[in-house]
Amino acid sequence: MPHPAPGCRRDLDLATAELARLRGATAHAYRVDVSDGSAVDAFAADVVAAHGVPDIAVNNAGVGHSGTFLQTTEKEWRRVLDINLCGVIHGCRAFGTLMADRGEGGHIVNLASAAAYLPSKILAAYATSKAAVFMLSDRLRAELAPAGIGVSTICPGIVNTNITRTTTFSGQSNDQLTATRDRISGLYAKRNFTPDKVARQILRAVRKDKAVGPVTPEARAARLLGRLSPALLRAAARFDIG
């Protein structure tokens, strides 16, 4: 499981450790910048040399960002897309190739978000990156099926992880940024939907070869509402929800 750039490492460590605990396995930590395709390829080679081709690869690196489209700068867009989308692309390519070449099947899990199908005007870059991961996973699932490789998209909602402590907000000063992070982190902590529950859904998705796994009640509700009334979700996007 590749590690992200600094700032989102703790979230991935939590998920990795929980998955390992649930499966009674031993975790080995590596530090990798997933936005760098060459670095991910080198990491995959190191994993194979030390442990063999993995049966399951989980792409979980991600950073949060809040801002409307017109507020979000090019630099902010690049940071979010480089990690949230390109990081998944690099991981899928590196480990998907290894699994296909081995010829014994496998499973790839990509962490998206309820934001992938729940439009919000204040999550322009973040929601776009997660929607792209969602579509990437669906089409990759079709491509890799003949090789016996499953692909699942996990879509959490509000989960109490460290991502809120590293989320960036367009147009805010350092003081404003600190106050906003503290406020959002407090709300997530009160909700206290823990990462181990997401880890259990990942395991379930792999066991049952599920294409999509919404996690948290709001993620499941938004998924259902998007099927029943897409227009209502688009109308809700006009409010500052995210």
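This one's a predicted model, so the numbers in the text were calculated from it and none came from an experiment.

By the element assignment, Thr166 lies in helix H5 (residues 163–166). By relative accessible area, which is 14% here, Thr166 ends up buried. Residues Thr166 and Ser185, spaced 19 residues apart in sequence, show a C-alpha to C-alpha distance of 9.9 Å.

The next subject is the pairing of strand S6 (residues 212–215). With burial as the criterion, each face of S6 is covered, one bearing Val212 and Pro214 and the other bearing Gly213 and Val215. Bridging between strand S4 (residues 149–156) and S6 involves four bridges; their strand directions are parallel. Bridging from a neighbouring strand, Ile154 pairs with Gly213 of S6.

In this structure, Lys208 sits in helix H7 (residues 195–208). For the pair Lys208 and Gly150, spaced 58 residues apart in sequence, the C-alpha separation works out to 9.8 Å.

Enumeration over the complete set of coordinates arrives at four aromatic pairs. Centroid distance Phe69 to Trp77: 6.0 Å. Interplanar angle 70 degrees. Geometry classified as edge-to-face. A relative accessible area of 55% means that Phe69 is categorised as exposed. Considering the side-chain rings of Tyr117 and Phe134, the 6.1 Å spacing of their centres and the 80 degrees angle between planes classify their relative orientation as edge-to-face.

What counts, and where the lines are drawn
- Residues numbered from 1 in each chain as written.
- Predicted model: local features only at pLDDT ≥ 70, side-chain atom pairs only at ≥ 80, totals over all residues.
- Heavy atoms only, no water.
- Helix = DSSP H or I, 4+ residues; strand = E, 2+ residues; numbered from the N terminus.
- Buried < 20%, exposed > 50% of the residue type's maximum accessible area, 1.4 Å probe, protein only.
- Pairing = 2+ DSSP bridges.
- Phe/Tyr/Trp six-rings, centres within 6.5 Å; stacked < 30°, edge-to-face > 60°.

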